[in-house]
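Each chain, written out:
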Amino acid sequence: MVGGAVAPLLITHASQDPRFQEHPGLHRYGIESYIAVPLFRPDGSPFGTLCALDPNPAPLTEQNFAIFRLLADLITFELEADEQQQRRETALRALEDFVAVAVHD
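The sections below set out a description of the structure shown in this document. None of these values were measured; they are calculated from a predicted model.

Calculation criteria
Residues numbered from 1 in each chain as written. Predicted model: local features only at pLDDT ≥ 70, side-chain atom pairs only at ≥ 80, totals over all residues. Heavy atoms only, no water. Buried < 20%, exposed > 50% of the residue type's maximum accessible area, 1.4 Å probe, protein only. Helix = DSSP H or I, 4+ residues; strand = E, 2+ residues; numbered from the N terminus. Pairing = 2+ DSSP bridges. Polar contact = N/O pair within 3.5 Å; in protein donor to acceptor, adjacent residues only side chain to side chain. Contact = heavy atoms within 4.5 Å. Axes fitted to C-alpha atoms, helices over the stretch in contact; angles between N-to-C directions. Salt bridge = Lys/Arg side-chain N within 4 Å of Asp/Glu carboxyl O.

### Re the pairing of strand 2 (residues 33-40)
Right, on to step 1. The buried fraction of strand 2 amounts to seven of the eight residues, a majority that puts the element mostly inside the structure.
Right, on to step 2. As judged from the three bridges shared by strand 1 (residues 9-11) and strand 2, these two strands associate in the antiparallel manner. By the bridge assignment, leucine 10 is partnered in strand 2 with isoleucine 35.
Right, on to step 3. In this sheet, strand 3 (residues 46-54) lies alongside strand 2 in antiparallel orientation, the contact comprising eight bridges. What sits directly across from phenylalanine 40, in strand 3, is proline 46.
Right, on to step 4. Connecting the antiparallel pair strand 2 and strand 3 is a turn made up of five residues, with glycine 44 showing a positive phi of about 95°.

### Details of the side chain of serine 33
Right, on to step 1. Within the fold, serine 33 resides in strand 2.
Right, on to step 2. Looking at serine 33, its side chain comes within polar contact range of the main-chain oxygen of asparagine 56, at 2.8 Å.
Right, on to step 3. Look past the residues within four positions of serine 33 in its chain and what remains in contact with it is Ile11, Thr12, Ala52, Leu53, Asp54, Asn56, Pro57, Ala58 and Leu60.

### Overview of the environment of valine 103
Right, on to step 1. Mapping valine 103 onto the fold places it in helix 2 (residues 62-104).
Right, on to step 2. Considered as a pair, valine 103 and valine 37 are 66 residues apart in the sequence and their alpha carbons are 51 Å apart.

### Some words on the sheet that holds strand 3
Right, on to step 1. Judged by pairing direction, the sheet is antiparallel, and its three strands sit side by side in the order 1-2-3 without closing on themselves. Each end of this open sheet is capped by a strand with a single partner; those strands are strand 1 and strand 3. Ignoring strand direction, the axes of neighbouring strands in this sheet form an average angle of 10°.
Right, on to step 2. Sitting on the sheet, helix 2 is in contact with strand 1, strand 2 and strand 3, with an inclination near 35° to strand 2.

### Digging into the pattern of salt bridges
Right, on to step 1. Counting across every chain of the model gives three salt bridges.
Right, on to step 2. Measuring nitrogen to oxygen at the nearest pair gives 2.9 Å for the salt bridge that ties glutamate 83 to arginine 41. Note that glutamate 83 is positioned in helix 2 and arginine 41 in the loop between strand 2 and strand 3, a separation of 42 residues in sequence.
Right, on to step 3. Look at arginine 41 and you get partly exposed, because its relative accessible area is 29%.
Right, on to step 4. Between glutamate 80 and arginine 87 there is a salt bridge, with its nearest N and O atoms 3.4 Å apart.

This is how it looks when you write it as structure tokens:
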């Protein structure tokens, strides 16, 4: 994300792109190529960004962008699956604690 935007972004040569020539972050860190795809939860809320930076201009294409979007979808799927597993384990521990108390009484 550049400037807090929640949208995919592809910059192949920042210092020659009028939209980003004066961007303070890209300029300060010498970033010429940047690709970013936001990560969204199933409810649509954003929770991160998958990005890659390069100090050199890179001939990034729409195919690179499509692959990055697929990787973002995969990361989203895996993170959501991990969170669901954690919720199930928490619920199971609570049930086990309840059963242990009920059996003890």
